[in-house]
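These are the residues of each chain, in order.
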Amino acid sequence: SGQQRYGATLWSGDILGSWDSLRRQIAMSINYQLSGIPTWSMDIGGFRRLDGDDQYQSPDYALLLTRWFQFAALTPIFRSHGLHSNTELYNYGNSTMGNIITSAIHLRYRLLDYIYSCFSKVERDHYTVQRGLVMDFPTD
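What you see is a predicted model; the values in this text were computed from it and never measured.

On to the packing of aromatic side chains, then. Using the criterion set out here, one finds four aromatic pairs in the structure. Note on F69 and F78: the rings are 5.8 Å apart at their centroids and 75° apart in plane angle, and the pair reads as edge-to-face. For F69, a relative accessible area of 6% puts it in the buried group. A relative accessible area of 27% places F78 in the partly exposed class. Put simply, the rings of Y56, Y61 and Y92 touch in pairs and so form one group of aromatic residues. Sitting above the plane of the Y127 ring, K121 keeps its charged end 4.0 Å from the centroid. Directly above the ring of Y127 sits R131, whose terminal nitrogen or CZ lies 4.0 Å from the centroid.

Our next topic: the nonpolar core. With 19 residues, the main nonpolar core has M42, L65, W68, F69 and I100 as its most contacted residues. No other element matches helix α3 (residues 59–72), which puts seven residues into this core. Apart from the residues lying within four places of it in its own chain, the contact partners of F69 are I44, F78, S80, L89, I100 and A104.

Conventions adopted
Residues numbered from 1 in each chain as written. Predicted model: local features only at pLDDT ≥ 70, side-chain atom pairs only at ≥ 80, totals over all residues. Heavy atoms only, no water. Phe/Tyr/Trp six-rings, centres within 6.5 Å; stacked < 30°, edge-to-face > 60°. Buried < 20%, exposed > 50% of the residue type's maximum accessible area, 1.4 Å probe, protein only. Lys NZ or Arg CZ within 6 Å of the ring centre and 35° of its normal. Core = buried A, V, L, I, M, F, W, Y, C linked by side-chain atoms within 4.5 Å. Helix = DSSP H or I, 4+ residues; strand = E, 2+ residues; numbered from the N terminus. Contact = heavy atoms within 4.5 Å.

Honestly, it's all geometry; don't read function into it.
See below:
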């Protein structure tokens, strides 16, 4: 009886591109599923990123972006978006782009059949794509 019956996708808002924001996204992704919202998303890398060209040249941000893509590959909606940012991977250099492609995007594509079957269960059985452990192991 709520938003989940309409197939609307929620996202976490205009978040910062920081390690703390990534940490919070992990908890949020499970909490939305526990609330019965199967289609949740975030802005991979944060909506508000480092100023100017710093986001494209910062080694720390390159690692953050790689980890964020790795996490996002396991979420229902896989989307990169940012304010005043060119979020195409080639802007971050060949090394960062290669790390993200081999560690996250290839994984996402390998999981597509599974992800599609999960979305079928969402429609048919009111399932969620991500699962809090308590959803499948209530007595643990």
